[in-house]
Amino acid sequence: MEDNKSKSNIISRLLPGIIAELCAVITIIIDYIMVAALGTAGVSAVAVCIHPTLFITGIFSVFITAAGVLIYGCISGEKRDEANGLFITAVKTVTAASVVIGLLIVVFANQVIDFCAGQVDTHDMAVIYLKITVGCILLSNLLSLFNITLQRAGKARKVFAANLIYYIINIVLDYFLITGKCGFPELGIKGAAIATVIATAAALLFDIVILFGDSNFVSIAYIFKNKIKGSMEYLGSIMNGFKKSISDTILPRTGAFFTGVAAARMGSYEFAIYTVCDCLFEAAMAFGTAFKEAAEEFCEDLNDEEQQGNTHPDKTGGYTKKLVMYGILAAFIIGGLMILLAKPYCSLFCAEEEFLEIGFDACLFGAIATLFMVPRMALSGLVDEGYTEKKLLSAGDICTGIVQPIACVVFVLILKEGIEGAHYAMVLAQLIWLIIAVIDLVSYRNNRIKSKE
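Read on for a plain summary of the structure.

Criteria and cut-off values
Residues numbered from 1 in each chain as written. Predicted model: local features only at pLDDT ≥ 70, side-chain atom pairs only at ≥ 80, totals over all residues. Heavy atoms only, no water. Core = buried A, V, L, I, M, F, W, Y, C linked by side-chain atoms within 4.5 Å. Buried < 20%, exposed > 50% of the residue type's maximum accessible area, 1.4 Å probe, protein only. Helix = DSSP H or I, 4+ residues; strand = E, 2+ residues; numbered from the N terminus. Contact = heavy atoms within 4.5 Å. Salt bridge = Lys/Arg side-chain N within 4 Å of Asp/Glu carboxyl O. Axes fitted to C-alpha atoms, helices over the stretch in contact; angles between N-to-C directions. Parallel < 35°, antiparallel > 145°, perpendicular 65-115°, else oblique. Nonpolar A, V, L, I, M, F, W, Y, C, P; charged D, E, K, R; others polar. Phe/Tyr/Trp six-rings, centres within 6.5 Å; stacked < 30°, edge-to-face > 60°.

Our focus in this paragraph is the nonpolar core. Among the nonpolar cores identified, the biggest contains 80 residues, and Leu 130, Tyr 345, Phe 349 and Phe 355 are the most heavily contacted of them. Among the elements that make up this core, the one with the highest residue count is helix H11 (residues 268-307) (14 residues). Ignoring anything within four residues of it in the chain, the contact list for Phe 355 reads Thr 40, Tyr 269, Ile 273, Val 276, Cys 346, Phe 349 and Cys 350. Formed by 38 residues, the second largest nonpolar core is a distinct cluster that contains Val 91, Leu 145, Ala 199 and Leu 211.

Let's shift gears to the pattern of salt bridges. On inspection of all chains with the given rule, the structure shows 1 salt bridge. A salt bridge links Lys 343 to Glu 357, with the nearest nitrogen and oxygen atoms 3.0 Å apart. Separated by 14 residues along the polypeptide, Lys 343 in helix H12 (residues 313-347) and Glu 357 in helix H13 (residues 353-384) bring together distant segments of the chain. Residue class for Lys 343 comes out partly exposed when judged on its relative accessible area of 33%. What makes Glu 357 partly exposed here is its relative accessible area of 35%.

Another point: the packing of helix H2 (residues 40-76) against helix H3 (residues 80-107). The interhelical angle for the contact between H2 and H3, taken along N-to-C directions, is 175 degrees, at an axis separation of 9 Å. Regarding the angle of H2 to H3, the classification is roughly antiparallel. On H3, the residues touching Ile 56, Phe 60, Phe 63, Ile 64, Ala 67, Leu 70, Ile 71 and Cys 74 of H2 are Glu 82, Ala 83, Leu 86, Phe 87, Ala 90, Thr 93, Val 94, Ala 97, Ser 98, Ile 101 and Ile 105. Taken together, the residues of the contact of H2 with H3 sort by class into 16 nonpolar, 2 polar and 1 charged.

Mapped onto the elements of the fold, Thr 196 is located in helix H8 (residues 189-212). Once residues within four sequence positions are removed from consideration, Thr 196 is found in contact with Tyr 129, Thr 133, Tyr 166 and Asn 170.

In this section: the environment of Met 285. Mapping Met 285 onto the fold places it in helix H11. Setting aside anything within four residues of it in sequence, one finds Met 285 in contact with Met 373 and Met 377.

We describe a pair of aromatic rings using the distance from one ring centre to the other and the angle between the two ring planes. As enumerated under the stated definition, the model contains 10 aromatic pairs in all. Each ring, one from Tyr 166 and one from Tyr 167, has its centre 5.9 Å from the other, and the planes form 70 degrees; the classification is edge-to-face. With a centroid separation of 5.1 Å and 80 degrees between ring planes, the pair formed by Phe 365 and Tyr 424 is classed as edge-to-face. With Phe 365 in helix H13 and Tyr 424 in helix H15 (residues 418-452), the pair connects residues that are 59 residues apart, well separated along the chain. The exposure class of Phe 365 is buried, given its relative accessible area of 17%.

Here we come to unusual backbone geometry. The phi torsion at Glu 78 lies on the positive side, around 55 degrees, for a residue other than glycine. Note on placement: Glu 78 falls in the loop between H2 and H3.

No statement about biological role is implied by the geometric values presented.
As structure tokens, this is what we get:
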């Protein structure tokens, strides 16, 4: 009975995260399928823009998360004025920084795309897409801030609804605007960018309506009514959290950015294949992220119980083993599906035999990387929440921040291994990180057993 209860507990924690992550990835995949109507150059043009965009939004997300943690603390402590003061301070800071970054990107878009290895056949499309999407980065950053505020206030369903609005509007507008369906103008890559901006604005408007209610703990109406203003003191508190977390984010984000830049130098056709197959790996990573979040939740609960003397270490270890075993099982199932569906999936973007063959090989490497990635992310959740001593956590960041981009440069640009080389680098990084996570966990468990003796 206890075993069945623990299984059901694990599954109930995994499913919401998997659904949320998969919705996001599926939207990206559909977005690329729509853009593929412009040819592989269209897919490559959007992909070239993704890496600088993720780097910029990644830095903003650290600030937004730091603000969310403080707001949650105020909500728990029933400090309404402080919570709203932190919120409006974060809104003003994100707005100012986003406007500056957006203007800089619009002015220097050509140079950014050149640095990101945009090819001759993709350069103009990539510049247009980057100017529109990153030029309006204020909307996406505010959406992230509003979403995390709602989530911290216990309104996770509202956040899911906002994201659903974004997904649906983005997909529908892509269909109408890229190739000009049902009398709409044929805007090509510009249509894809406009669809993204309108969808983001619609989701943001939904969040604003929800947060406007005076009954909300964090409320826009309450802020106006009580004339609550931001302060440097609140900003300083948020920046303290930002400084503590930025080092854990900047290295992986930088690594991902330079990995993308190296992969883009293969040429637009090969980079399109790399991007298409990487989306499939991102879908697999949705499961990994869900396992990581479930591990973090378990650690929080079990550590609290242990401090109260209610949980035996063997029971804690049992939950851990089940979670990791489910991760390994999921990795094999997902990897098998990636191989099985590789060619039908790639044919959604391009029916050329060469595209399908190279795409199948790339998906094969993605499946191998998945075998390491899903259980690794489950273990990383244990590491992040203090279930281990974090001795080697920084070494894990090095895998994505340093090892993968360097390996990508070596395999792709020096050894000329092409798209396979890019995936050699990915597999190598995931394998090393898995080994590090296992060593860290085993070391901690052994030390813990000795301390009990």
